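# Coordinate inspection notes
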Amino acid sequence: MDERAYAIMMRMTIHPLFLPILFSIVLYGNISYYALILSSLIIHEVGHIVAAYLCKVKVERCVIMPYGGEILLKGGNSIAPKKQLMIALGGPIATLCCIAATPFLDPLIAAPLLKIQIILLAINIIPIWPLDGGRIIMSLIHIFYPRIRVVEFYLTISLILISGTVLITFILLPKSSFLLVLSIFLFIQIVNEWRYRKYRSAFEKHVIKRLT
């Protein structure tokens, strides 16, 4: 991997929302568990970065989130859908590699690491924007049926599903406090994407039609 890819990994930052979660883990004395969580998230994001590198797409920034991370790619929506799909798959593939490696690790590390990896993978493959599962679905839409109404319909479904999740996790408080915070964060992300829909007509003219 060249110096540019290495520099991107060195510029990884942690989203402020994630810090209280990590601090709460440290306060309860689970520092080793904190280290495994943070390491797992970094490995997951490195998977995306490596995929972007292989697809020759420049990564400008990477922010570690509670569910994984957000990567800012040069070109944004103008990146070819097939490349977007490969980049979206990079994180889950890295997590699967970690799961495959756990049998070869010390049992004291392997058991909690396996649990963390399974939870991380399970969350990320949920087909809701902006999780990896949602980005995979969005890439497939752009590849097989690139129409603005289909994109809006998918975002609407994502908004409905995450709204239901927020409601359920709120009812199940306090046991679901982490999931509630995560759900609210995803809800805000989807709402922001939904507000952007008025600009998607221009996007369809300049990008989607070029791909059909």
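What you see is a predicted model, and the numbers here were worked out from it, not measured in a lab.

## Quick look at the confidence of the model for the protein chain
Of all residues in the protein chain, 75% have pLDDT values of 70 or greater, and the mean over the chain is 79. For the protein chain, the element scoring lowest by mean pLDDT is helix H9 (residues 200–211), at 50; helix H4 (residues 81–101) scores highest, at 92. Here residues 207–212 is a poorly scored stretch, pLDDT under 50, and it has 11 contacts once near neighbours within four places are set aside; other chains count.

## What to know about the side chain of threonine 95
With respect to the helices and strands, threonine 95 occurs in helix H4. Apart from the residues within four sequence positions on either side, threonine 95 is in contact with His44, Gln117, Leu120 and Leu121.

## With respect to the packing of H4 against helix H5 (residues 107–124)
Each pair of packed helices can be described by the angle between their axes along with the distance between the axes. Taken N-terminus to C-terminus, the directions of H4 and H5 make an angle of 155°; their axes are 9 Å apart at the nearest point. As summarised for this structure, H4 and H5 are arranged roughly antiparallel, according to the angle between their axes. For the pair H4 and H5, the sense of crossing is left-handed. Contacts from Pro92, Thr95, Leu96, Cys98 and Ile99 of H4 reach H5 at Leu114, Gln117, Ile118, Leu120 and Leu121. In terms of residue class, the contact of H4 with H5 is built from eight nonpolar, two polar and no charged.

## Section: the packing of helix H7 (residues 148–171) against helix H8 (residues 177–195)
In the contact formed by H7 and H8, the axes pass within 9 Å of each other and the chain directions differ by 155°. Between H7 and H8, the angle is such that the two are roughly antiparallel. Seen from above, H7 lies across H8 with left-handed handedness. Contact with H7, carried on its side by Glu152, Leu155, Thr156, Ser158, Leu159, Ile162, Ser163, Thr165, Val166, Thr169 and Phe170, involves Leu179, Leu180, Ser183, Ile184, Leu186, Phe187, Ile190, Val191, Glu193 and Trp194 of H8 and no other residues of that element.

## Looking at the packing of aromatic side chains
Aromatic ring pairs are described here by two measures, namely the spacing of the ring centres and the angle between the planes. For the structure shown, the criterion picks out zero aromatic pairs. Lying across the ring of tryptophan 129, arginine 135 places its NZ or CZ 4.5 Å from the centre.

## Re the nonpolar core
Core analysis: the biggest nonpolar cluster contains 13 residues, and Trp129, Met138, Val151, Tyr154, Leu155, Leu186 and Ile190 have the highest contact counts within it. Looking at this core, the elements with two or more residues in it are helix H6 (132–144), H7 and H8. Take this core: its biggest share by element is four residues, from H7. Counting eight residues, the second-largest nonpolar core is a separate cluster that includes Leu41, Cys62, Leu113 and Ile116.

## Points about H8
For H8, spanning 19 residues, the distance from its first C-alpha to its last is 27 Å, which sits close to the expected 27 Å at 1.5 Å a residue. Residues Leu180, Leu182, Ser183, Phe185, Leu186, Ile190, Val191 and Glu193 constitute the buried set of H8.

Scoring rules and cut-offs
Residues numbered from 1 in each chain as written. Predicted model: local features only at pLDDT ≥ 70, side-chain atom pairs only at ≥ 80, totals over all residues. Heavy atoms only, no water. pLDDT = per-residue confidence, 0-100. Helix = DSSP H or I, 4+ residues; strand = E, 2+ residues; numbered from the N terminus. Contact = heavy atoms within 4.5 Å. Axes fitted to C-alpha atoms, helices over the stretch in contact; angles between N-to-C directions. Parallel < 35°, antiparallel > 145°, perpendicular 65-115°, else oblique. Left-handed = near helix turned anticlockwise from the far one by under 90°. Nonpolar A, V, L, I, M, F, W, Y, C, P; charged D, E, K, R; others polar. Phe/Tyr/Trp six-rings, centres within 6.5 Å; stacked < 30°, edge-to-face > 60°. Lys NZ or Arg CZ within 6 Å of the ring centre and 35° of its normal. Core = buried A, V, L, I, M, F, W, Y, C linked by side-chain atoms within 4.5 Å. Buried < 20%, exposed > 50% of the residue type's maximum accessible area, 1.4 Å probe, protein only. Expected span 1.5 Å × (residues − 1).

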